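For reference, the chains in residue letters:
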Amino acid sequence: MKFRRILALALVGTMALSATAFAEGETTEITMWTYPVGDWGNAEVMDGLVAKFNEAHPEISVKIEYLDYTNGDDQINTAIEGGQAPDIVFEGPERLVANWGAKGLMVDLADLWTDEAKEAIYDSVEAACQSNDGVFYEYPLCMTAHTMAINRDVFEAADALQYLDEETRTWTTEGFINAVKAVYESGQDPVGAVYCSGQGGDQGTRALVNNLYGGTFTNAEHTAYTLDSEENIKALELLAGMDGINFDASIAGGDEIQLFCNGTLAMAFCWNVAQEKNNAELMEFDALPMAFPSESGEPQLCGGIWGFGIFNNGDEAKIAAAKTFIDFMANDESMAAESVKASTYWPVKDLGNIYEGDELMTEYSIFTQYMGDYYQVVGGWAEARTAWWNMLQQIGTGADVATAVAEFQTTANAAAGQ
């Protein structure tokens, strides 16, 4: 982990451009569309952050629109087609780098990635924010490790807590199998659901499958999909044959969360600290966050990275203003920690203990050590995500697992240019 003194980065190129773009008394209006990343989807919180930005930069007006994960991509794609793309989008590399960046729609943010920024930001995050040919399409703000969760009350009543390690929040594949069996035989049915009505929350089902027997979703170079391995096929066959685990084509990740929170399901595969915070009042039980089960007991969790990308709308003044906004939110020493805390996640560089005294955030911080490869930047990512839930639906209706996996592999790698 890298440490450094946090400074407001002096982006010489950006500031020089800003000086040219913003004549005295002139206001430049930019738009930012944000996905619901913690309170970055909360208008009241965002109004407060923008107000602080405007105290330092009254020459820039920021208009925010709020997206969700059901229709957000369609809204942006429609805006692109109509020549009305937002100036800034707040999301992750799978969209900013692997999708819109790869299509040549985004601005190269190399001038934000100064030597000082590269020294400060964790290596795995830096790697995820650039294309395979080294172009930076994202400037990151925050990160998290996605987890799963169990209904601890139900597990305790079924004497299933013996199959997991509450201190490290890990369990083996054998422990998972035994725990699900115990909970199912106690009368809880279903125990968990492999949701597959769409792509929402698919990081959970991917992590579940890959961890069970040590499979991977892509190669290390992030150039091809590798689902058709013995390990992954074995994992999918295990899940398809387990009593208490249903393949449910009627729900996506958000639906699964609600079914877990109301007690219908005893475990959730789509979970992280934001879900617990958002649903705390709905749960009448103790939710225990867990890493995904793995044969070795050493999980590799999917991570989330969120930050800023700029659509190239051909207006240099707006691009300069957008970079100024990003620099302030992510690097200003008076603002960076507040911006991260609004996300309810963790910073992508050392900002000290920004959650000191927060028991829940301290509890979830244990999972950052289990972060695995950030592979969501492979070409054809959008097509691969669709092929994934289609594959799960096929398996859920009784299709041969190896055949369904082979179809996924063909579709995904064709989209990746393989």
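Residues numbered from 1 in each chain as written. Predicted model: local features only at pLDDT ≥ 70, side-chain atom pairs only at ≥ 80, totals over all residues. Heavy atoms only, no water.

## Section: the packing of aromatic side chains
- Going through the model one piece at a time under the given rule, you end up with 25 aromatic pairs.
- Ring centres 6.3 Å apart and planes at 55° place the aromatic pair F155 and W171 in the tilted group. Highlighted residues: F155 in helix 7 (residues 152-157) and W171 in the loop between helix 7 and helix 8 (173-185), separated in sequence by 16 residues.
- Pairwise contacts between aromatic rings join W40, F53, F90, F308, F325 and F328 into one cluster.
- Directly above the ring of Y35 sits R95, whose terminal nitrogen or CZ lies 4.8 Å from the centroid.
- Of note, K234 hangs over the ring of Y213, and the distance from its end group to the ring centre comes to 4.4 Å. (Phe/Tyr/Trp six-rings, centres within 6.5 Å; stacked < 30°, edge-to-face > 60°. Helix = DSSP H or I, 4+ residues; strand = E, 2+ residues; numbered from the N terminus. Lys NZ or Arg CZ within 6 Å of the ring centre and 35° of its normal.)

## Quick word on the pairing of strand 1 (residues 28-34)
- Across the 7 residues of strand 1, 6 count as buried, placing the element largely inside the fold.
- Direction of pairing for strand 1 relative to strand 2 (residues 60-66): parallel, over a ladder of 7 bridges. Its bridge partner being in strand 2, T31 is matched across the sheet by K63.
- Taken together, the 3 bridges between strand 1 and strand 3 (residues 88-91) define a ladder with parallel strand orientation. (Buried < 20%, exposed > 50% of the residue type's maximum accessible area, 1.4 Å probe, protein only. Pairing = 2+ DSSP bridges.)

## Focus on the nonpolar core
- Judged by nonpolar contacts, the single largest core of 145 residues is most densely connected at W40, F155, M267 and F308.
- Ranked by the residues each element gives to this core, the list is headed by helix 13 (residues 316-331), at 8 residues.
- Every residue in contact with M267, bar those within four places of it in the chain, is listed here: M148, A149, I150, F155, W171, F176, V180, V191, G192, I245, E256 and F260. (Core = buried A, V, L, I, M, F, W, Y, C linked by side-chain atoms within 4.5 Å. Contact = heavy atoms within 4.5 Å.)

## Quick word on the pattern of salt bridges
- Per the counting criterion, the structure on display carries 11 salt bridges.
- The closest approach of N and O atoms between K52 and E338, which form a salt bridge, is 2.8 Å. You can see K52 sitting in helix 2 (residues 43-56) and its partner E338 sitting in helix 14 (residues 336-343), a full 286 residues away along the chain.
- Residue E338 is classed as partly exposed on the basis of its relative accessible area of 30%.
- Note that R152 is salt-bridged to E156, the shortest N-O span being 3.4 Å. Linking R152 with E156, this pair stays in helix 7, spanning 4 residues, or about one helical turn.
- Under the relative-accessibility criterion, R152 is labelled buried at 18%.
- Since its relative accessible area comes to 47%, E156 is described here as partly exposed. (Salt bridge = Lys/Arg side-chain N within 4 Å of Asp/Glu carboxyl O.)

## Focus on unusual backbone geometry
- Of note, the bond from D189 into P190 is cis; its omega dihedral lies within 30 degrees of zero at 0°.
- Structurally, P190 can be placed in the loop between helix 8 and strand 6 (192-195).
- Within the chain, D159 stands out as a residue other than glycine whose phi angle is a positive 55°.
- Tracing the chain through its elements places D159 in the loop between helix 7 and helix 8.
- Backbone geometry places H222, a non-glycine residue, at a positive phi of 60°.
- Relative to the assigned elements, H222 resides in the loop between helix 9 (202-213) and helix 10 (230-241).

## Notes on the sheet that holds strand 8 (residues 267-271)
- Taken together, 3 strands build an open sheet; the order of strands is 8-5-9 and the sheet is antiparallel. Every interior strand has two partners, whereas the edge strands, strand 8 and strand 9 (287-290), have only one. The average undirected angle you get between the axes of adjacent strands in this sheet is 30°.
- In this sheet, strand 9 lies alongside strand 5 (residues 147-151) in antiparallel orientation, the contact comprising 4 bridges. Looking at the pairing, I150 lines up with L288 of strand 9.
- In the packing of helix 11 (residues 253-261) onto the sheet, contacts are made with strand 5, strand 8 and strand 9, and the angle to strand 8 comes to roughly 140°. (Axes fitted to C-alpha atoms, helices over the stretch in contact; angles between N-to-C directions.)

## A look at the sheet that holds strand 10 (residues 303-310)
- Strand order across the open sheet formed by 6 strands is 2-1-3-10-4-11, with mixed pairing between neighbours. With partners counted over all chains shown, the strands left at the sheet margins are strand 2 and strand 11 (346-347), one partner each.
- With 2 bridges connecting them, strand 4 (residues 139-145) and strand 11 associate as antiparallel partners. Its bridge partner lying in strand 11, M143 is registered against W346.
- Sheet contacts for helix 2: strand 1 and strand 2; angle to strand 2, the most-contacted strand, approximately 165°.

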